[in-house]
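# A structural walkthrough
Each chain, written out:
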Amino acid sequence: MSSETPYQKPRVAVVFGGRSSEHAISVVTAGAVLAAIDREKYDVLPIGITTDGRWVLTADAPERMAITDRKLPDVAELSESAGGAVVLPVDPTSREVVYSEPGAVPKALGEVDVVFPVLHGPYGEDGTLQGLLELSGVPYVGSGVLASAVGQDKDYMKRVFTSFGLPVGPYEVVRPREWEQDPAAARKKIVDFAGEHGWPLFVKPARAGSSMGITKVDDVSGLDAAVEEARRHDPKIIVESLLTGREIECGVLEFEDGPRASVPAEIPPVSDHSFYDFEAKYIDSASGIVPAPLTAEQTARVRELAVAAFEAASCEGLVRADFFLQDNGEFVINEINTLPGFTPISMYPRMWQESGVGYPELVDRLIQAALRRSTGLR
């Protein structure tokens, strides 16, 4: 009789939802990831985070996590209990997940080997969840604390890129105290920026994604409303000048020998939207062109820049890098996303599909990359 220990499949906790304005898109992404994980290779534990921050056990039901008839899904609708809560102990000697119900003895759910976070925006993509997992000693998919924070904050992201010599467009930042204490001076700062770089401008939350809270402003009359809309998502805002040219995206994925870039994609102009906003991305299913119709030299250049951005911000696992190809033939990097969308229509998986890495393999490579890494300094 063999005395060998039976093989135990690695246990993957897919954590999704969260407190940010991108809650619903995170749920949609989780549904796609759950459907793609190889259940013969991994055990899976779906954990949702409600909009008020409660961690809950959810149904392992990807079909309930899609956008249906323009209705966005919500973790609360997927929770297996109205009062139960999941707790990940902050103890690097144990990866035991505990589930508790009011008035009941807490129940151990077993250990987790790796977390696959599919949270977008603050409280998930910005280094906060990554910090919790570092304290818990649990490996996780994607970038660490610093890279996640830099990737979430468009202000510091651009500062990092500039310091590494990467091309970025003109921008201005208005910090919370500036607008709250002297809105006239803050407004003048933006108007002066427009005087130098021209209208229209894009007013954005500095630390949000999925095109949430972004307004295209054609003149000063629309400025205050645009600032207030951005501040609904983040008290810190960033103002960017209009960059004319083509919108090009490129995916970066960590392989065993380091990061590699996918074929790029192009986001064509969307006729019913003034820019590639949330509705265009997720509700009206605007489609990108994969691969982008670029010359061989342009393709090589944007792939080079995408990997350079990945390395500049000390990223791990995956990144989607977004660029403008200007009329003069030069690329400008707009931003990176350290946890890009994985919805069925998202550009990141589509670019890798065209590069020869299908969705299930993509998910598997991300999990394997996380399992190869330790937590802590690395």
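Everything numeric here is computed off the predicted structure, so don't read it as measured data.

Ordered in space as E8-E11-E9-E10, the four strands form an open sheet in which the pairing is antiparallel. Among the strands making up the open sheet, the edge pair consists of strand E8 (171–174) and strand E10 (215–217). Averaged over all pairs of adjacent strands, the angle between their axes in this sheet comes to 25°, without regard to strand direction.

Once that is clear, we can look at helix H8 (residues 223–231). Here H8 has its buried residues at Leu223, Ala226, Val227, Ala230 and Arg231. Projected down its long axis, H8 shows its buried positions confined to an angular sector of 135°, all on one face.

Among the nonpolar cores identified, the biggest contains 34 residues, and Val14, Phe16, Val33, Ile37, Phe116 and Ile367 are the most heavily contacted of them. Leave out the neighbours within four places in its chain, and isoleucine 367 touches Val12, Ile37, Tyr42, Val114, Phe116 and Val141. Core analysis: the second largest hydrophobic core is formed by 27 residues, Ala147, Val160, Phe161 and Ile336 among them.

So, about the pairing of strand E7 (residues 114–117). Covered by surrounding structure in E7 are Val114 and Phe116 together with Val115 and Pro117, the residues of both alternating faces. Looking at chain direction, strand E1 (residues 11–17) and E7 are connected through four bridges and run parallel. Within the sheet, the bridge partner assigned to alanine 13 lies in E7 and is valine 115.

By the definition in use, this model includes two cavities of 30 Å³ or more. Roughly 50 Å³ of internal volume is contained in the second largest cavity. Looking at the second largest cavity, the residues that line it are Pro139, Tyr140, Gly142, Ala370, Arg373, Ser374, Thr375 and Arg378. A per-class count over the lining of the second largest cavity returns three nonpolar, three polar and two charged.

Moving on, we get to the side chain of aspartate 322. Assignment of secondary structure puts aspartate 322 in strand E15 (residues 318–326). Within the local environment of aspartate 322, its side chain forms a polar contact with the side chain of arginine 320, the two groups lying 2.9 Å apart. Setting aside residues up to four positions removed in sequence, aspartate 322 forms contacts with Ile248, Glu249, Val332, Ile333, Asn334, Glu335 and Asn337.

Basis of the calculations
Residues numbered from 1 in each chain as written. Predicted model: local features only at pLDDT ≥ 70, side-chain atom pairs only at ≥ 80, totals over all residues. Heavy atoms only, no water. Pairing = 2+ DSSP bridges. Helix = DSSP H or I, 4+ residues; strand = E, 2+ residues; numbered from the N terminus. Axes fitted to C-alpha atoms, helices over the stretch in contact; angles between N-to-C directions. Buried < 20%, exposed > 50% of the residue type's maximum accessible area, 1.4 Å probe, protein only. Arc of directions from axis to C-beta. Core = buried A, V, L, I, M, F, W, Y, C linked by side-chain atoms within 4.5 Å. Contact = heavy atoms within 4.5 Å. 1 Å grid on protein atoms, 1.4 Å probe; cavity = no way out; pocket = protein on both sides within 12 Å on 5 of 7 lines; lining within 4 Å. Points joined across faces, edges and corners; volume = space filled by probe spheres on them. Nonpolar A, V, L, I, M, F, W, Y, C, P; charged D, E, K, R; others polar. Polar contact = N/O pair within 3.5 Å; in protein donor to acceptor, adjacent residues only side chain to side chain.

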